[in-house]
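Spelled out, the chains give:
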Amino acid sequence: MSEEKKLKPAVLWFTGLSGSGKSTISEKVYPALKERGYRVEHLDGDAIRDIFPSTGFSKEERNAHIRRVGYIASRLQAHGVFVIGSFISPYREARDFVRDLCEDFVEIYVSTPLEVCEERDVKGLYAKARKGEIDNFTGISDPYEEPENPELEIDTTDITPGEGVQMVLDYLENRD
């Protein structure tokens, strides 16, 4: 990214199935922006759920969780902080709610196909969901509503995490 151009802080909202690569890429975007002198916060779905462990997985509970996190993201962004959010956030309604809260919202759809996500499943969650051992598992027993018009779409099937990060940085550099 060019050193002369100052980027406007935005909420970078990574959404996609479990195992799609959203956390991996978002975790690498964080230091890339930090090294360029930006104030950055990273809000990751798994880490946030550790803080709010009673958050459930029904549609209503997921939407409420995303609205709360989205509100936090919008407030940070309003105070000049880049916010990197990495959440499955399976429902358009909740993502649109967050978009409406934020002054500058960038939806990044990590569109890696379900089959690839299942192959990468190191925790065995997809296998458990297919056996009926996990209820409301996105992509198996619960829907994932794909973004209709994301600002950026990344399929990690045949790219490295570094290439995904570069796609995000290129988008930020060239969007104005």
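Everything numeric here is computed off the predicted structure, so don't read it as measured data.

Caption draft 1: Seen up close, the overall build of the protein. Scanning the protein for helices and strands turns up 7 helices and 5 strands. In sequence order, the secondary structure elements of the protein are arranged as β-α-β-α-α-β-α-β-α-α-β-α. Against the 2.2 N^0.38 benchmark of 16 Å for 176 residues, the protein shows a C-alpha radius of gyration of 16 Å, consistent with a compact globule. Projecting the C-alpha coordinates of the protein onto the three principal axes gives extents of approximately 55 × 35 × 30 Å. Expressed as a percentage of its 176 residues, the buried residues of the protein come to 45%. Sequence-distant contacts, at least 24 apart, represent 77% of the contacts inside the protein between residues at least 6 apart. Carbon and sulfur atoms make up 48% of the accessible area of the protein, which totals about 9,000 Å². Each charge class in the protein was averaged separately, 23 positive and 34 negative side chains, and the resulting centres sit 4 Å apart.

Caption draft 2: A negative patch on the surface, seen in detail. Residues E146, E153, D155 and D158 make up a contiguous surface patch of negative charge. Relative to the helices and strands, D158 resides in the loop between β5 (152–154) and α7 (161–174).

Caption draft 3: Up close: the side chain of D142. Relative to the elements of secondary structure, D142 occurs in the loop between α6 (125–130) and β5. Leave out the neighbours within four places in its chain, and D142 touches F57, R62, Y91, N136 and F137.

Caption draft 4: Examining helix α3 (residues 59–78) more closely. In a regular helix each residue adds 1.5 Å, so 20 residues correspond to 28 Å; α3 covers 28 Å between its end C-alpha atoms and thus fits that length. Inspection of α3 places R62, N63, H65, I66, V69, G70, A73, S74 and Q77 among the buried residues, and these make up the whole buried set. Phi turns positive, to about 85°, at G80, one or two residues after α3.

Caption draft 5: Main features of a nonpolar patch on the surface. A surface patch of nonpolar side chains, amounting to about 360 Å² of accessible area, comprises Y71, I72, F97 and L101. Contributions of two or more residues to the nonpolar patch are made by α3 and α4 (92–101). Considering the arrangement of structural elements, one finds I72 in helix α3.

Caption draft 6: Fine view of the packing of helix α1 (residues 22–35) against α7. The N-to-C vectors of α1 and α7 enclose an angle of 55°; their axes lie 9 Å apart at closest approach. In terms of orientation, α1 and α7 fall into the oblique class. Note that α1 runs across α7; the crossing there is right-handed. For the pair α1 and α7, contact is made by T24, I25, K28, V29, A32 and L33 and by P161, G164, V165, V168, L169 and L172, respectively. Here the contact of α1 with α7 is built from residues that sort into 9 nonpolar, 2 polar and 1 charged.

Caption draft 7: Representation of the environment of L43. Its location among the elements puts L43 in strand β2 (residues 40–44). Placed 121 residues apart in sequence, L43 and G164 show a C-alpha to C-alpha distance of 18 Å. Setting aside residues no more than four positions away along its own chain, L43 makes contact with I48, V69, I72, A73, V83, I84, G85, S86 and F87.

Conventions used here
- Residues numbered from 1 in each chain as written.
- Predicted model: local features only at pLDDT ≥ 70, side-chain atom pairs only at ≥ 80, totals over all residues.
- Heavy atoms only, no water.
- Helix = DSSP H or I, 4+ residues; strand = E, 2+ residues; numbered from the N terminus.
- Rg over C-alpha atoms; globule rule 2.2 N^0.38 Å.
- Buried < 20%, exposed > 50% of the residue type's maximum accessible area, 1.4 Å probe, protein only.
- Contact = heavy atoms within 4.5 Å.
- Areas by Shrake-Rupley, 256 points an atom, 1.4 Å probe, with all protein chains shown as cover.
- Lys, Arg positive; Asp, Glu negative; His and termini not counted.
- Charge placed at Lys NZ, Arg CZ, Asp CG, Glu CD.
- Patch = residues over 30% accessible without salt bridge, like charges linked within 9 Å, V, L, I, M, F, W, Y side chains within 5 Å.
- Salt bridge = Lys/Arg side-chain N within 4 Å of Asp/Glu carboxyl O.
- Expected span 1.5 Å × (residues − 1).
- Axes fitted to C-alpha atoms, helices over the stretch in contact; angles between N-to-C directions.
- Parallel < 35°, antiparallel > 145°, perpendicular 65-115°, else oblique.
- Left-handed = near helix turned anticlockwise from the far one by under 90°.
- Nonpolar A, V, L, I, M, F, W, Y, C, P; charged D, E, K, R; others polar.

Worth remembering: the numbers are spatial, not functional.
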